[in-house]
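Residue-level structure breakdown
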Amino acid sequence: MDNSVKNIAILGSTGSIGRQTLQVIRNLPRRFHVVGLTAGKNLELLSEQIAEFQPKFIYYQSDNTSKVKSQKSKFLSMEDIARHPEVDTVVIATSGKAGLDATLAAVRAGKNVAIANKEPLVMAGEIITGEAKRCNARILPIDSEHSAIWQCLNGEPQPPKRIILTASGGPFRGYSEAQLDKVTASQALKHPSWKMGKKVTIDSATLMNKGLEIMETRWLFDVPIDKISVVIHPQSIIHSMVEFVDGSFKAQLSYPDMRFPIQYALTQPERVPNAELPKLDWSKIQGLTFEMPDFKNFPCLELAISAARTGGTCPTVLCAADEMAVELFMKEEIKFTDIARLVRQALQDHKPILHPTLEDIIKTDEQVRKSTWKLAGKKK
Ligand SMILES: NC(=O)c1ccc[n+]([C@@H]2O[C@H](COP(=O)([O-])OP(=O)(O)OC[C@H]3O[C@@H](n4cnc5c(N)ncnc54)[C@H](OP(=O)(O)O)[C@@H]3O)[C@@H](O)[C@H]2O)c1
């Protein structure tokens with residue numbers, strides 16, 4: 001095998017980010033070799049991916065083994081794939097808390113960790129970034145906002161004065177409280193500019209997603225929370241901005257397409273032409289506009305900022321309560337506006353542990369999932 005070919009494992013290859021990672025790899029075939037693929041329950045798609053990429057290692061969560069045809073692929077846990085000596089770069093494209101253990105395994109094995117899955121960084125950012133330093137692992141952001149910040153900071157010797165995360169505002173931008181009270185899951189799943197998995201799409205509609213991204217920014221770039229702000233930019237062309245001490249700003253622009261940040265994470269520091277990626281056509285862009293977020297009607301953003309300021313186990317409480325509340329909303333068991341109500345209650349009921357161990361984080365997550373479920377009137 002050519003030494004310049006990178007061996008990639010994609011955890012969550014059947015999801016939105018996972019599928020787009022494979023699209024990038026298909027377009028740049030001589031650069032990458034897929035050695036690991038993992039899925040949750042979508043075994044039909046995983047089987048197709050296995051047939052196409054012939055990975056050495058696979059994992060799936062579902063116990064329905066009959067559907068997965070793979071004579072050549074060895075079944076390993078996600079953690080064992082993430083730490084395997086034959087893997088150079090691990091793409092963490094799982095959703096929610098699912099990628100936490102594998103992210104830590106990859107980091108502790110000193111891998112290049114291209115991370116889209118935001119919840120592990122939000123819950124255990126201090127531990128993950130600390131372990132990455134100790135083990136010489138590189139954390140390469142895939143989230144478009146963090147990729148933008150990373151690209152803006154490249155080559156800058158001084159720390160930024162301020163980081164501005166852009167947000168599309170989601171499908172309910174401008175809605176009143178009364179309107180938000182009536183919105184349905186199918187409306188919330190229609191994002192105006194991005195096609196993503198369900199959890200992150202609902203989080204974008206509540207603006208919780210931007211709150212989680214503030215915490216990711218804090219850990220990925222070692223920037224205090226108070227230096228990070230949010231601006232609504234409905235066109236989703238500017239993916240984030242950095243202000244420097246002299247008052248200059250840098251921004252990164254492209255059409256909203258996750259293949260840009262995925263490709264950059266995989267090829268950096270090199271930039272590589274890819275004919276499949278849409279190029280900005282300035283004759284068609286009518287304008288780039290900005291407005292402040294509506295903190296009153298989208299309280300998840302403020303809740304996340306407050307959890308980030310307190311730190312410790314509070315971000316874990318926020319993530320766990322949000323994951324449960326989003327699941328209930330998608331099943332139409334609670335209202336859209338109940339998501340923030342359940343998260344607020346979980347934070348109020350929690351006594352923070354300010355310097356948690358991984359065990360504290362895992363225990364807090366389990367407790368809050370149970371209590372949020374109960375609070376919503378469910379038995380589990
Ligand atoms: N999509 C985007 O454009 C985007 C942008 C920025 C950041 N992100 C972040 O990237 C992450 C992935 O997002 P996504 O939109 O790609 O999500 P998604 O479409 O829901 O995909 C999630 C992937 O994780 C797998 N998975 C879920 N739970 C699992 C479990 N318990 N064990 C093993 N595998 C499991 C799923 O498998 P099955 O489908 O086979 O069940 C699927 O492959 C999220 O944290 C999201 O916030 C996404």
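For the structure itself, look to the data block above.
What you see is a predicted model; the values in this text were computed from it and never measured.

Before going further, it helps to examine the sheet that holds strand β8 (residues 162–167). Backbone hydrogen bonds are what pair the strands of a sheet, in a parallel or an antiparallel way. With mixed pairing, four strands are arranged side by side in an open sheet as β9-β8-β10-β11. Of all the strands in the sheet, just β9 (228–232) and β11 (249–253) have a single pairing partner and so form its edges. On average, adjacent strands in this sheet sit at an angle of 20° to one another, irrespective of strand direction. Sheet topology places β8 next to β9; five bridges connect them, and they run parallel. Across the sheet, Thr-166 pairs through a bridge with Val-231, a residue of β9. Contacts from helix α10 (residues 208–221) reach β8 and β9, with the element oriented near 150° to β8.

Let us now look at the environment of Thr-129. Topologically, Thr-129 is positioned in helix α5 (residues 118–134). Accessibility expressed as a relative area gives 17% for Thr-129, which makes it buried. Through-space distance from the C-alpha of Thr-129 to that of Phe-221 is 9.8 Å; in sequence the pair is 92 residues apart. With near-sequence residues (within four places) excluded, Thr-129 lies in contact with Ile-139 and Trp-219. Among the polar contacts made by the side chain of Thr-129, one reaches the main-chain carbonyl oxygen of Gly-125 at a distance of 2.6 Å.

Calculation criteria
- Every chain's residues receive numbers from 1 upward, in the order its sequence appears when written.
- Only residues with pLDDT of 70 or above have their local features reported here, since the model is predicted, and side-chain atom pairs are shown and tallied only from 80 upward, although totals for entire chains, interfaces and linings are computed over all residues.
- Note that water and hydrogens are dropped before the side-chain values are worked out from all heavy atoms of the structure.
- Following DSSP output, two strands are said to pair if at least two bridges run between them.
- Starting at the N terminus, helices and strands are each numbered in turn, a helix being any DSSP run of H or I of at least four residues and a strand any DSSP run of E of at least two.
- Comment: axis = line fitted to C-alpha atoms, over the contacting stretch for helices; angle = value between 0 and 180 degrees taken between N-to-C directions.
- Any two residues whose heavy atoms approach within 4.5 Å are treated as being in contact.
- Note on classification: 1.4 Å probe, protein chains only; a residue is buried when its accessible area is under 20% of the maximum for its type, exposed when over 50%, partly exposed between these limits.
- Each polar contact in these results corresponds to two N or O atoms within 3.5 Å; when the atoms are within protein, one needs to be able to donate a hydrogen and the other to accept it, and residues that are neighboring in sequence are counted only if both atoms are side-chain atoms.

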